[in-house]
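# Close look at the chain arrangement
Below, each chain spelled out in residue letters.
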Amino acid sequence: MIADSIRPRLVPDIEIVPWRKTEILVVQVYPSAGRPHYLDRLGPETGVFVRVGSTNRRTDAPQIDEMRRFGQLSSFDEQPIPELNSEALDFRAASELFAPVRKLAPSAFHNLRITTKHQGREVPTVGGFLLFGRDRFVRFSDAWVQAGRFAGKDRARILDSSEIRSYLPQAADQAIGFAQKHLTREVVIAGAHRVDRWTVPLVALREAIINAIVHADYAERGAPVRVAVFDDRVEVENPGILPLGLTIEDIRKGVSKLRNRVIGRVFHELGLIEQWGSGIQRMTAACQESGLPIPVLEEVGTHFRVILSAIPTGPIRLDEKEQAILSLLEEGRGRSTAQIAKAVSLSPRATRTRLADLVRRNLIIEVGSGPQDPRRQYFRAEKVR
């Protein structure tokens, strides 16, 4: 009865499994190359549903198109825009952005899929146009970042706002800068040095914003990527729920499906993305190391949202060796790597790794002229009151 009500027809595995004093009917449905499937009585336009959290949601036309693309192993941003030519792209801006990384040869634009061949002509891809299109807002009016700083814990009163309409790689940096400007921080010092410790770890903030830009569903209409700073948290939201077959539990484990392959590839080349699928785990680790709750990940309507809390839930997490290092530096006197290694029974190499991590977390301060300075010393960071 179920099979007859679904088109194209599904062929699941069905078996009866004994369990305790009864038997269970187990039905397993594998990802289908024929998707999207729909209820026959409603038809292909209104009979497609997706699971979001604990609810079934009727899909709209852009989501149905995305399902078809996943079945064909292609992405929205890899599609050509045949009515445009390569002059629609700002090659100079692209070359300038890549200049610190490498010089772009003419073939690089094709290799990165910023452009593609269509009927013998080189034309922009959707991703190339989203990244470097001169008039991209005519076709993709929501391909920008809306940033706001709100008073208190709700959206009743806005203190500052910005519409960031730069090319997407630049927009990522500008959105991070806007949020950082409005985050509160405390100053930690050691000797003549001082560092800022932010209420929301900048590593987590950066990952959340870059992930939102890279994974946004630009086929959706009605809302840009949004960054909202409150007194107690930062919310980063992008249009588009998780790609098909991916759950929040999956992405917490590092499983990733790249919705925008062209945008992702360019961001990776520019060093904005370090490793596929590791962003959520880096966000989580940064928050836990700062004594903050892990990021909240949620699908809201047709959007995906990350919430980074600024309210500590406990002390900063330290293992036994890290606690020993901090205790050694508690008295305020600086110590060298060799002295610390001997005191905590670690090799010099392992000690340097621990020290670099503690410096990154603003728990200790490194004082010296550079990494090769033999007289370099480490001090315990202290708050300025």
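What comes next is a walk through the structure.

Conventions adopted
Residues numbered from 1 in each chain as written. Predicted model: local features only at pLDDT ≥ 70, side-chain atom pairs only at ≥ 80, totals over all residues. Heavy atoms only, no water. Buried < 20%, exposed > 50% of the residue type's maximum accessible area, 1.4 Å probe, protein only. Helix = DSSP H or I, 4+ residues; strand = E, 2+ residues; numbered from the N terminus. Arc of directions from axis to C-beta. Contact = heavy atoms within 4.5 Å. Salt bridge = Lys/Arg side-chain N within 4 Å of Asp/Glu carboxyl O. Core = buried A, V, L, I, M, F, W, Y, C linked by side-chain atoms within 4.5 Å. Polar contact = N/O pair within 3.5 Å; in protein donor to acceptor, adjacent residues only side chain to side chain. Phe/Tyr/Trp six-rings, centres within 6.5 Å; stacked < 30°, edge-to-face > 60°.

Turning next to helix α3 (residues 91-98). For α3, the complete set of buried residues consists of Ala-93, Ala-94 and Phe-98. When α3 is viewed along its axis, its buried side chains cluster within an angular range of 130° and face the same direction. Exposed residues on α3 whose side chains face more than 90 degrees from its buried face are Arg-92 and Glu-96. Looking at the buried positions of α3, the neighbouring elements they touch are α4 (106-111), α5 (126-132) and α10 (261-269).

Overall, the coordinates contain 20 salt bridges when judged by the stated rule. Notably, a salt bridge pairs Glu-163 with Arg-165, separated by 3.3 Å at the nearest N-O pair. Within this structure, Arg-155, Asp-232, Arg-233, Glu-235, Glu-237, Glu-298 and Arg-305 form a network of salt bridges that share partners.

With that out of the way, let us pick up the nonpolar core. Note on soluble globular proteins: their nonpolar side chains tend to be buried together. By size, the foremost hydrophobic cluster in this structure holds 70 residues, and its most contacted members are Ile-213, Tyr-218, Val-227 and Phe-267. For this core, the element with the most residues is helix α8 (residues 202-215), which contributes 8 residues. Once you skip the residues sitting within four places of it in the chain, Ile-213 turns out to touch Val-145, Leu-168, Ala-171, Ala-172, Tyr-218, Val-225 and Phe-267. Residues Leu-328, Leu-329, Ile-340 and Leu-358 belong to the second largest nonpolar core, which totals 11 residues.

Another point: the side chain of His-303. With respect to the helices, strands and loops of the structure, His-303 is situated in strand β16 (residues 303-309). A distance of 2.9 Å separates a polar atom in the side chain of His-303 from a polar atom in the side chain of Glu-237. Those residues in contact with His-303, other than ones at most four positions away along the chain, are Ala-223, Glu-237, Asn-238, Pro-239, Gly-240, Ile-241 and Glu-298.

On to the environment of Leu-270, then. Note on placement: Leu-270 falls in the loop between α10 and α11 (279-289). The class for Leu-270 is buried, based on a relative accessible area of 15%. If sequence neighbours within four positions are ignored, Leu-270 has contacts with Leu-97, Phe-98, Val-101 and Pro-169.

Before going further, it helps to examine the packing of aromatic side chains. The description of an aromatic ring pair rests on the distance of the ring centres and on the angle between the ring planes. Applying the stated criterion to the full structure yields 5 aromatic pairs. Centre to centre, the rings of Phe-129 and Phe-140 are 6.4 Å apart; their planes meet at 55°, and the pair counts as tilted. Taken as a pair, Phe-129 in helix α5 and Phe-140 in the loop between α6 (136-139) and β9 (145-150) lie far apart in primary sequence, 11 residues in all. On the basis of relative accessible area, Phe-129 is assigned to the buried category, the value being 4%. Accessibility expressed as a relative area gives 4% for Phe-140, which makes it buried. One aromatic cluster is present, formed by Phe-76, Phe-129 and Phe-140 through successive ring pairs.

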